[in-house]
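Letter by letter, the chains look like this.
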Amino acid sequence: MAKAKTIHLPERWDRPFGPDMTDEDVDRVVALRIFENIDESAFPASQAFRDIIKNDARLVTYQRGDIVVREGDYGSSVFVIMRGQAAVILDTQADDKKERRLARRQRTFGSAFAQLWTNAKMPEVRDIATYDAETDLNVRTEADEKRAFIPDVDSFLAKIKIHTLNEGQNFGEIAALSRTPRTATVVAKSDLEMVEMRWQGLREIRRRDNRFRELIDRLYRERSLSRHLGESPLLSHLDESTLEMVAAKTIFETHGDFDWWSSYKRLASKDSEEVLKQEPVIAEQGAYVDGLIMVRSGFARITQRLDHGERTVGYASTNDVFGLDEIVHHWRDGGPLRLGQTLRAIGYVDILRVPTAMVEEHILPTVPAHLLPEPLRSKSTPAWQERGDEALLSQSLFDFLVDNRTINGTQTMLINTDRCTGCDDCVRACSSTHNNNPRFVRHGPVHGNLQVTNACMHCTDPVCLIGCPTGAIGRNAADGRVMIDDRTCIGCGTCANSCPYNNIRLVEIRDEEGNFILDSESNVPIVKVTKCDLCFGQFGGPACQRACPHDALIRINMNDQQKLAEWVNR
Amino acid sequence: MGLLQKFDFKSSNYERPTLHWVCGNISTGKVCPIGPDGRGQCRASFECEPIKEGDRWSCTRSKSSDGKCKAGPRPDGSCCLPITKCVPVETVRGMRGRVVAWAVSLTIGLLIIATHGSGAVNLLSPGGLTLKHGEVGTKCETCHEAFESGLSGWIHEAFAPSDPAGTSKKCLSCHEMGAAPLQAHSLPRSALDQSALEMETLEKVKVAPVALEFARSLFGSPRKIAEELACTNCHKEHRGTQFDKTEMSDNRCQSCHTVRFASLSMGHPEFINYPYSRRTRVQFDHVSHISRHFEKAGKEKAPETCTNCHEPDDNGLKMKVKGFATTCSVCHLEQITGVGQVGQKGISFFSAPGLDVAELRAQGAAIGE
Amino acid sequence: MTFTSRRYRNILICAAIAASLVLLNWLFDMALRDASFLSGWLLIIGMAFLTIYNLRKKFPFLPLIPSAYWLQFHVYLGFIVIVLFLLHTSMEFPRGPFEITFWLLFFAVAGSGVIGIFITRNLPGRLQQRHGERLIFERIPVFRADLAEQVRELAMKSVTEISSSTIADYYAVRLNPYFAEPRNFSSHLFQSERPLVNLRREIRSIQRYLNKRGREILDDIEVHVIAKDNLDYPYALQLVLKGWLFVHIPLTYSLMIFALMHVVLVYAFAGRTL
């Protein structure tokens, strides 16, 4: 047997976030106000505070007018200003004018076509030369972005509402911690020198130091609140002072378990009653409506009591409101302020509670009539019947999707098993676009004729990102797809274990002949995690969907219930 | 029985339908991790590749394959767990690819034999010839000149420009069709143009079939695009001994003839001088007419001389029969048109025997009792 | 749009196109043209389009029209091509050996296609009928091997636990071959459960010779027998779902080679006078 090729087994911090961090740089960062009270003794030797800074942070400079982060982008790092000023743009309209950055390594047509013969003949072939390449060390997609800037930044900023951040202040922690898109655009008001820390480091420090956690969480709540209220269509008609008054009275709450995926797998096998018990009640049916609930992030289940059970009638996710029907009914027709349904946290949910009085006094009078809900109708549907006539999905399918938390997916692969012949065209298309390696398995939980296939769903709340020690798995800044950087991955399998949907798989990598590549120290085959990347860099979106001859496969955003129902009911 | 499938990454890895070969142990469920090579050879060796740590060999089996083994490597540093070799099996798609390759080579092989062997005549012939043509010969090259040149010649011939005259040459070597064999009715252009001019003077009938007008506007009439038509345009062969080569639909006549009509009964122009200069097909029984019919009809209707009915043709070589109007119509016109007739019009050539019921009853015969 | 309404719409469009092709062919003949050239070329173009569907599948990485649209086009064009073929051949059976082979090839490909679309739309819904699971075809043998191993162990256990060889003997003669490979292909295809019913009756018939423990083992064995039958069922259907392409695709290439040859022969010998 030919001698197997060996490489050094990659480890955490093999690829520091910023390769050029010197000890002097670390000194400067540690001296920043935000870190000054850190108790270094709380950190174990293997994860020393200074090491975290050295490996998970980097120094970045921006020129005046550069766009640092953009609203809506998926980022996974926090910024702390060391020198200079940054402007947070509060005026959402102003942001539309600037075109989006594209961080795609788009193939050329020729290279796409060439996959016909350039694809490997063996499974999981890797070119180990690329692992050793010293160039392009910052392998996260952020590194390839071209930096956008605003030429005449002074006059631009003069026209719009901004909030200025000074030395020692930080931003971006919301997106980094809650796995949500950036909530605001930040522009360099002067030349900027900053320290950027990836969320693995932020999480580690937050975990070890209580005061740091309190600081970060306070900022998180404050900023999340003020941003989110302004975004809601219900509140968009308020003037500034009223909005601030409403914000001052609004309560920010976090429900459920931020690490929900660990308990989820245990829950999955339990019966529906047991599952419901595990989901914390945010607002209960029959209770007094003390405020309008706006979901900030995460998922909530809406249920209604029926005899001795609870019927799931809907689910709410980011930007959905709860209790509006009742408040409007009270305000318009003098109906009772009692909730008609129960709201439960699935996993974790961040909500905003705007007091009822505030809503009735300040908000509702300004809301255009078409945004208000219809007068309340009798909402009882007999137990034997499917959900109300407005329901587009059958109750059982609905329960299935909510109970299995399929609703987390933004690119869930659904297969209609009444039409799927098992021809494997989707799997072959996937292989062809991934160097002869499929990136999903054509099986999965089935309900009726609907199979939720084991392909990455690119979740709204991607819990797989949480455990990754190297940051190899992350969200693409441009479109929110979850991707794994093969070179950074150390094959620890944490993400595969975290994924509640079994959509990440470990593979042993090989050379062109198909022999395993071994770790030079232990002779154990090198393992990498793999999953669907929605055909990143390829033409025309996910190839699986295009390749299905039988209209049986779709990649669908589970939040788009209308489209989902249309697809299911064809 | 509970569910058979497990979806987690430890129990179920990627299914790879693009590979040609998979491990032969698939049917026992004990697939070896490395799998066969690209040519379907098993390359299983040992479960791990031990590594020397100091002076000891230690097992390197990965966690996904149950971790380090109990026994550990042999003293010589080889693994103690050899994997039993298998006979790799083809995937469905691999097999199908092979079947396609076989089908293609078989087809090409068959066609090469069919086109090059001595039996090519029988194999390629699209069907038997009509009885008469069959007497000419059964060799393809008798009619198809290009046949002798083989496949490459055929391809060359196939791509050559359209040539009605060339194609029809072999037909005309037997069939004497006059000076303009490939023109309509083998008449020279001048005669056709003359006839067309005569037609122009006729009253145009506007009941032409819609389809015909449509076809003409879509595809034009053949005279406009091709001066000549090959024989094979209308006369098909290789349709068996009984095939009627001269059969032609009415519509096809009208694609050339400028005066169009829906049918013979609707819109067909008046016959002028019909049947032109052609002798009637009716067999004229001189004997019975002279001895019986003329006797009965009377002297004034009977012809006096031959030239009453016959006249020489233009060059005086042949005797022709004069037209119906000047000959037969003297006696038969009324029969045909039915003037002064009782019952059906026309001439009764024969009548079916019948029972004279009235007469039988009068005679007291028993009928139908 | 539901699949049913789409089907009606497409059938309607397809029928309209087929009818206009028949009309076109008739008009072409009326205009004193050789209509077989028209129908022939349309056939060649149509068949080429049908064939390149296979090519499209080789390029999943190019932003081509989704395969589902292609298949719709492929199916309905297929029906139109059958109409064209009937027009082209004047609905006559050909005479020469080459043409007869060509004709047979065409109907083998077209026929397998028609059968193919029929089973493609009808069998998938039945695949998970028995187990309630959608199994990957390639993995069915693995599950079957598991069941076979479990039954073998049960049979061995019976020898030691009830000190009787009745079950073991029965296993050796009947069950071992039953579990060794997929069985009752045609019965499964035609939805007949008779072989399973017979086998279960046979298993029940030895119950009277067993003690309590033996009956428990027998019950367990019966559960495995049913599970095996439930595996054979989707296996048989998937075999058909994959099998028809073993006719359709290889013969398509043979057919296209024949078509090419036919064009050469026709142009070389039939008088090129369009």
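Owing to the predicted nature of the structure, the values given are computational and were not obtained by experimental measurement. (Residues numbered from 1 in each chain as written. Chains lettered and ligands numbered in written order. Predicted model: local features only at pLDDT ≥ 70, side-chain atom pairs only at ≥ 80, totals over all residues. Heavy atoms only, no water.)

What follows is about the overall build of chain C. Each helix and strand in chain C was counted, giving nine helices and zero strands. Along its sequence from the N terminus, chain C presents helices and strands in the succession α-α-α-α-α-α-α-α-α. Here the C-alpha radius of gyration of chain C, 27 Å, is well above what a compact globule of 274 residues would show, namely 19 Å. With the C-alpha coordinates of chain C rotated into their principal frame, the extents come out at 90 × 45 × 35 Å. Taken across its 274 residues, chain C has 53% of its residues classed as buried. For chain C, contacts bridging at least 24 residues in sequence account for 76% of all contacts bridging at least 6. Surface exposure of chain C reaches about 12500 Å², of which carbon and sulfur atoms provide 66%. (Helix = DSSP H or I, 4+ residues; strand = E, 2+ residues; numbered from the N terminus. Rg over C-alpha atoms; globule rule 2.2 N^0.38 Å. Buried < 20%, exposed > 50% of the residue type's maximum accessible area, 1.4 Å probe, protein only. Contact = heavy atoms within 4.5 Å. Areas by Shrake-Rupley, 256 points an atom, 1.4 Å probe, with all protein chains shown as cover.)

When helices and strands are counted, chain A shows 20 helices and 24 strands. In chain A, which comprises 570 residues, the proportion classed as buried is 58%. For chain A, the proportion of contacts with a sequence separation of at least 24, taken over those separated by at least 6, is 79%. On chain A, roughly 23500 Å² of surface is accessible, and the fraction owed to carbon and sulfur atoms is 49%.

Take helix α8 (residues 194-205) of chain C next. Residue and element names in this part refer to chain C. Compared with an ideal rise of 1.5 Å per residue, which puts twelve residues at 16 Å, α8 spans 16 Å between its outermost C-alpha atoms and is within 8% of the ideal. Along α8, the residues that are buried comprise Leu196, Leu199 and Ile203. Taken around the axis of α8, the buried residues stretch over an arc of 65°, which confines them to a single face. In this structure, α8 carries Arg194 and Arg201 as exposed residues pointing more than 90 degrees from its buried face. Looking at the buried side of α8, the elements it contacts are α6 (166-180) and α9 (212-269). (Expected span 1.5 Å × (residues − 1). Arc of directions from axis to C-beta.)

A few words on helix α20 (residues 561-568) of chain A. Residue and element names in this part refer to chain A. Of the positions making up α20, those classed as buried are Leu564, Ala565 and Trp567. The buried residues of α20 all sit within an arc of 165° when viewed along its axis, so they share a single face. In this fold, the buried residues of α20 make contact with α16 (395-403), β16 (412-416), β18 (450-452) and β24 (553-556).

Facing 32 residues of chain C, the contacting portion of chain A comprises 37 residues. Both sides together, the interface formed by chain C and chain A hides about 2800 Å², and carbon and sulfur atoms give 56% of it. Sorting the residues of chain C by area buried against chain A places Phe3, Phe61 and Arg134 of chain C first, and these three jointly supply 27% of that buried surface. A salt bridge links Lys57 of chain C to Asp425 of chain A, with the shortest nitrogen-to-oxygen separation between them at 2.7 Å. Counting across the chain C and chain A interface gives 14 residue pairs in polar contact (both at pLDDT 80 or more). Sorting the residues of the side of chain C that touches chain A by element identifies α1 (3-30), α2 (35-56), α3 (67-88), α4 (97-122) and α9 of chain C as the ones contributing at least two each. Each residue belonging to the side of chain C that touches chain A can be placed in one class, and the counts come to 16 nonpolar, six polar and ten charged. (Buried area = accessible area lost by both parts, 1.4 Å probe. Salt bridge = Lys/Arg side-chain N within 4 Å of Asp/Glu carboxyl O. Polar contact = N/O pair within 3.5 Å; in protein donor to acceptor, adjacent residues only side chain to side chain. Nonpolar A, V, L, I, M, F, W, Y, C, P; charged D, E, K, R; others polar.)

Residues and elements named next belong to chain A. Strand order in the open sheet formed by four strands is β17-β18-β16-β24, and the pairing between neighbours is antiparallel. A strand with exactly one partner marks an edge of an open sheet, and here the two such strands are β17 (446-447) and β24. Note: β16 against β24, four bridges, orientation antiparallel. Across the sheet, Met413 pairs through a bridge with Arg555, a residue of β24. On the sheet, α20 packs against β16, β18 and β24 and is oriented at approximately 175° with respect to β24. (Pairing = 2+ DSSP bridges. Axes fitted to C-alpha atoms, helices over the stretch in contact; angles between N-to-C directions.)

When you line up the elements, His289 of chain B lands in helix α11 (residues 286-297). Ignoring anything within four residues of it in the chain, the contact list for His289 of chain B reads Phe284, Phe294 and His332 of chain B.

Counting from both sides, the interface comprises 53 residues of chain C and, opposite them, 68 residues of chain B. Counting the contacts that link chain C with chain B gives one salt bridge. Counting only elements with at least two residues in the side of chain C that touches chain B, the list comes to α1, α4, α5 (140-162) and α9 of chain C. No other element matches α9 of chain C, which puts 19 residues into the side of chain C that touches chain B. Here the residues of the side of chain C that touches chain B sort into 34 nonpolar, seven polar and twelve charged.

Turning our attention to empty space enclosed by the protein. Tallying each qualifying case throughout the model produces eleven cavities of 30 Å³ or more. The calculated volume of the largest cavity comes to roughly 870 Å³. In terms of lining, the largest cavity is formed by 43 residues, of which the most central are His74, Trp244, Leu245, His248 and Ile249 of chain C. Going through the elements one at a time, α1 (92-116) of chain B together with α2, α3, α4 and α9 of chain C are the ones with two or more residues in the lining of the largest cavity. Looking at the lining of the largest cavity, the element that brings in the most residues is α9 of chain C, giving ten residues. Residue classes in the lining of the largest cavity are distributed as 24 nonpolar, twelve polar and seven charged. (1 Å grid on protein atoms, 1.4 Å probe; cavity = no way out; pocket = protein on both sides within 12 Å on 5 of 7 lines; lining within 4 Å. Points joined across faces, edges and corners; volume = space filled by probe spheres on them.)

The next point concerns the confidence of the model for chain C. Residue-level pLDDT values for chain C average 91, and 99% of them are 70 or greater. Across the assembled chains, the prediction reports ipTM 0.92 with pTM 0.78. (pLDDT = per-residue confidence, 0-100.)

Our next topic: the pattern of salt bridges. A side chain with one charge may pair with a side chain of the opposite charge, provided their charged atoms come close. Using the criterion set out here, one finds 40 salt bridges over all chains in the structure. A salt bridge links Arg39 of chain B to Asp37 of chain B; the shortest N-O distance between them is 4.0 Å. Arg39 of chain B sits in the exposed class, given a relative accessible area of 66%. What makes Asp37 of chain B buried here is its relative accessible area of 17%. The shortest N-O distance in the salt bridge between Glu90 of chain B and Arg98 of chain B comes to 2.7 Å. Using a relative accessible area of 40% as the deciding quantity, one classes Arg98 of chain B as partly exposed. Each of the salt bridges in this network shares a partner with another, and the network as a whole consists of Glu124, Arg126, Arg439 and Asp486 of chain A together with Arg16 of chain B.

All names here are of chain C. On domain assignment, one finds that chain C holds domain 1 (3-130 + 246-269) and domain 2 (137-240). Just the C-alpha atoms count here: the centres of domain 1 and domain 2 sit 45 Å apart. On the side of domain 2, eleven residues touch domain 1, which itself brings six residues to the contact. Between domain 1 and domain 2, roughly 850 Å² of surface is buried when both sides are summed, and carbon and sulfur atoms account for 55% of that area. When residues of domain 1 are sorted by the area they lose upon contact with domain 2, Arg126, Leu127 and Arg130 head the list and together hold 77% of the total. Across the salt bridge formed by Asp229 and Arg130, the nearest N and O atoms sit 3.2 Å from each other. (Domains from an automatic or database assignment.)

Attention now moves to the side chain of Asp56 of chain A. Mapped onto the elements of the fold, Asp56 of chain A is located in helix α2 (residues 49-56). A polar contact is formed between the side chain of Asp56 of chain A and the backbone nitrogen of Gly201 of chain A, at a distance of 3.4 Å.

Residues and elements named next belong to chain A. What the domain assignment lists for chain A is domain 1 (13-110 + 142-210), domain 2 (235-366) and domain 3 (400-568). Centre-to-centre, using C-alpha coordinates, domain 2 lies 32 Å away from domain 3. Buried area between domain 2 and domain 3, both sides added, is near 1700 Å², and the carbon and sulfur share of it is 59%. Taken together, the connections running from domain 2 to domain 3 amount to two salt bridges. Of the charged contacts in the structure, one is a salt bridge between Arg301 and Asp403, with a shortest N-O distance of 2.8 Å.

The subject of this paragraph is the environment of Glu181 of chain C. All names here are of chain C. By secondary structure assignment, the location of Glu181 is in the loop between α6 and α7 (185-189). On the basis of relative accessible area, Glu181 is assigned to the partly exposed category, the value being 41%. Sequence-wise, Glu181 and Ala168 are 13 residues apart; in three dimensions their C-alpha atoms are separated by 19 Å. Excluding anything up to four places from it in sequence, Glu181 contacts Arg144 and Lys228.

All names here are of chain A. Every second residue of strand β8 (residues 185-188) is oriented toward a common face, with Thr185 and Val187 on one face and Val186 and Ala188 on the other, all of them buried. Of the pairings in the sheet, the one linking strand β3 (residues 67-69) to β8 comprises two bridges and is antiparallel in character. Note that in β8 the partner of Val69 across the bridge is Val186. Bridge count for strand β5 (residues 86-89) against β8 is four bridges, and the pairing is antiparallel. Paired with Val88 across the bridge in β8 is Val186.

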